[in-house]
Amino acid sequence: LKVQAIPLSVLVLMIIVASVLSPAFFTLLNFRNMLVQQTTIMVVSMGMFAVILTAGIDLSVGSQIAVASVFCASFVQSMPLVMAVLLTILLCLVIGLVNGVIIAKLRIAPFIVTLGMQSFASGIAFWFSKSTPISWSGTNSAGVLSAIGSDRLLGIPYQAIIWFAMILITALLIKKTIFGRVMYAIGGNEEAVTLSGLNVKNWKLLPYLFSSFCCAIAGVLLMARLGLGSPQSGAGLETDCIAAVVIGGTSFAGGKGTVSGVVIGVFILGIINNILDLMNVTAYPQLMLKGAIIVIAVILTTIRDKNA
């Protein structure tokens, strides 16, 4: 609570403001919609958090979601859903492996590598789908996908259950395994980790693989919710994920941050988007606000790191 005091305070303030601005905010339907709407950004932010923890960045997450969406929608037309999902995850892991190898082995800036992959993966999605959304409505897996996309268990959307599971998985990886400890160490002082005898190049591959895994899961969930796989799925999502991670207190310099902070950051953004939608505010002011939030969050994080 002490570590997350500022993000938590902002979250509480946003809830109060939202409830005052719109009476529709505190309704069961709106809460359910918010839980479903946060699925994609919540899942992808888990992977983005692991990357930023090592002082890296992944700008290709939106395009990877598009790749996962169109390929999985195509796969389910000719194979069982489980196999289609596994192949989709494998495909995204290849993209993450390419990102990681170039960044870790060739020591090229993550910003440049993932920016290039953003365009490349987007091109793959548009080329494979011929720039046309791919529907899964007539497949054998349609019933299961429809349930994942819109049904609920004990009143809780399946999508929310899945993103909650992803939070738990990420928290366990970061807090209870050597993977998390090494990620914090690399972000804090990469040279010291190298001198300790660990192969930093191999370890730096892992957050990009995990980010791609999260993108694959998010792409499948988004495809299930929309009823089709679109090459435009995930467009611009990298901005939201970076904002959520930084708002939650994760340092761009690496080595500092928590999973709980990322969750708070996602909900802060979600409430902002939700209240603007309820007030019928157009998308352009929302983009302006997100950009301002990122800059302010980075400034505050930088000040905090200097004072620490």
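Residues numbered from 1 in each chain as written. Predicted model: local features only at pLDDT ≥ 70, side-chain atom pairs only at ≥ 80, totals over all residues. Heavy atoms only, no water.

Trainee: Even after reading the chapter, I still don't get the environment of Val266, so can you show me in this structure?
Mentor: Mapped onto the secondary structure, Val266 falls in helix 14 (residues 259-278). Measuring from C-alpha to C-alpha, the distance between Val266 and Gln77 comes to 33 Å, with 189 residues separating the pair along the chain. (Helix = DSSP H or I, 4+ residues; strand = E, 2+ residues; numbered from the N terminus.)

Trainee: Looking at this model, I keep getting lost on the packing of aromatic side chains. Mind explaining?
Mentor: Both the distance between ring centres and the angle between the ring planes are used here to describe each pair of aromatic rings. Applying the stated rule across the entire model yields eight aromatic pairs. Seen from their ring centres, Phe71 and Phe128 are 3.9 Å apart, and the 15 degrees between their planes marks the pair as stacked. Taken together, the positions of Phe71 in helix 4 (residues 61-75) and Phe128 in helix 6 (residues 110-129) put the pair 57 residues apart, joining distant regions of the chain. Exposure remark for Phe128: the relative accessible area of 25% places this residue in the partly exposed category. Through successive ring pairs, a cluster of aromatic residues spans Phe25, Phe26 and Phe31. (Phe/Tyr/Trp six-rings, centres within 6.5 Å; stacked < 30°, edge-to-face > 60°. Buried < 20%, exposed > 50% of the residue type's maximum accessible area, 1.4 Å probe, protein only.)

Trainee: How should helix 3 (residues 39-53) be read in this particular structure?
Mentor: Residue pairs three or four apart in sequence face the same way in an α-helix, which turns once every 3.6 residues. Taking 1.5 Å of rise per residue, 15 residues should cover 21 Å, and helix 3 covers 21 Å from first to last C-alpha, within 8% of that figure. Helix 3 sits mainly inside the fold: 15 of its 15 residues count as buried. Directly beyond the C-terminal end of helix 3, a positive phi value near 70 degrees is found at Ala55. (Expected span 1.5 Å × (residues − 1).)

Trainee: What's the story with the environment of Gly62 in this structure? I'm lost.
Mentor: Tracing the chain through its elements places Gly62 in helix 4. For Gly62 and Ala235, which are 173 residues apart along the polypeptide, the C-alpha to C-alpha distance reads 5.3 Å. Once you skip the residues sitting within four places of it in the chain, Gly62 turns out to touch Ser233, Gly234, Leu237 and Glu238. (Contact = heavy atoms within 4.5 Å.)

Trainee: What am I meant to see in the environment of Ala84 here?
Mentor: Inspection of the secondary structure puts Ala84 in helix 5 (residues 81-104). Note: C-alpha distance between Ala84 and Cys72 (twelve residues apart in sequence) is 5.8 Å. Not counting the four nearest positions on each side in its chain, Ala84 is found in contact with Cys72, Phe75, Val76 and Met79.

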